[in-house]
Amino acid sequence: MPDSSATADTLVFSSEVTQRLDLTAEWCQRNGQRLTETRRQVLGLILSSEKPSGAYDLLARLRPAHPKAAPPTVYRALDFLLENSLIHRLERLSAFVGCSHAVECPHGCNHHDEGGMHRAQFLICRGCDRAWELEQEAIAPVLTRAAQSMGFKAESATVEIEGLCVACQKAGALPVRRPKTTAG
């Protein structure tokens, strides 16, 4: 990964990623949470990646600095980061991407909808596997109202839109057809 490298028992990230990690640590402290070194390093690996990262990819990238790291190490860090809205899980890819919304939101993340939840939409390129987060405020209320009309109380929503990005379209890439999951 061009953005990170390993030293003794820590990972070194680009100045941009380090700045985001420092802001996240401050946000955690203000919100009564603790960004441990392992959580920080897992988040740094996610933020350093151009593509969504799977748990075992993160483990492999963490091991040069932490040779004894095991899957539970990464999964515990991912659980914390998800619970605090610092990352998103892309279900279709079974992978994770960073989210700076909670840290950067000037409204304390309580103005977005009735539930106060940050609702995310993602564009996922089938050609290069990159993902881009959208923040279209109009989408969440429509989904929430549709759920309510069926007597369903929505607690979270992540919309994943698959297709081809501009670069892959220009390159003439053919979309990679992923097998449908048992739920899809």
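Above this text sits the structure in question.
Below is a summary of the structure that appears in this document. (Residues numbered from 1 in each chain as written. Predicted model: local features only at pLDDT ≥ 70, side-chain atom pairs only at ≥ 80, totals over all residues. Heavy atoms only, no water.)

### Observations concerning the nonpolar core
Formed by 28 residues in total, the largest nonpolar core has its most connected members in Val42, Leu78 and Leu81. Going through the elements one at a time, strand E2 (10-13), helix H1 (15-30), helix H2 (37-48), helix H3 (55-62), helix H4 (71-83) and helix H5 (101-104) are the ones with two or more residues in this core. Residues within four places of Leu81 in sequence aside, it is in contact with Leu35, Arg39, Val42, Leu43, Leu86 and Ile87. Val97, Ala120, Phe122 and Ala131 belong to the second-largest nonpolar core, a separate cluster that totals 6 residues. (Core = buried A, V, L, I, M, F, W, Y, C linked by side-chain atoms within 4.5 Å. Buried < 20%, exposed > 50% of the residue type's maximum accessible area, 1.4 Å probe, protein only. Helix = DSSP H or I, 4+ residues; strand = E, 2+ residues; numbered from the N terminus. Contact = heavy atoms within 4.5 Å.)

### Digging into H3
If you check which residues of H3 are buried, you get Ala55, Leu58, Leu59, Arg61 and Leu62. For H3, the angular spread of the buried residues around the axis is 165 degrees, confining them to a single face. (Arc of directions from axis to C-beta.)

### A closer look at a nonpolar patch on the surface
There is a patch of nonpolar side chains on the surface, built from Leu123, Trp132 and Ile161 and spanning about 240 Å² of accessible area. Tracing the backbone shows Leu123 in strand E5 (residues 120-125). (Patch = residues over 30% accessible without salt bridge, like charges linked within 9 Å, V, L, I, M, F, W, Y side chains within 5 Å. Areas by Shrake-Rupley, 256 points an atom, 1.4 Å probe, with all protein chains shown as cover. Salt bridge = Lys/Arg side-chain N within 4 Å of Asp/Glu carboxyl O.)

### As for unusual backbone geometry
Phi at Ser85 takes a positive value of approximately 55 degrees, unusual for a residue other than glycine. Relative to the helices and strands, Ser85 resides in the loop between H4 and strand E3 (87-90). Since its relative accessible area comes to 35%, Ser85 is described here as partly exposed. The phi angle at Asp129 is positive, at roughly 65 degrees, despite the residue not being glycine.

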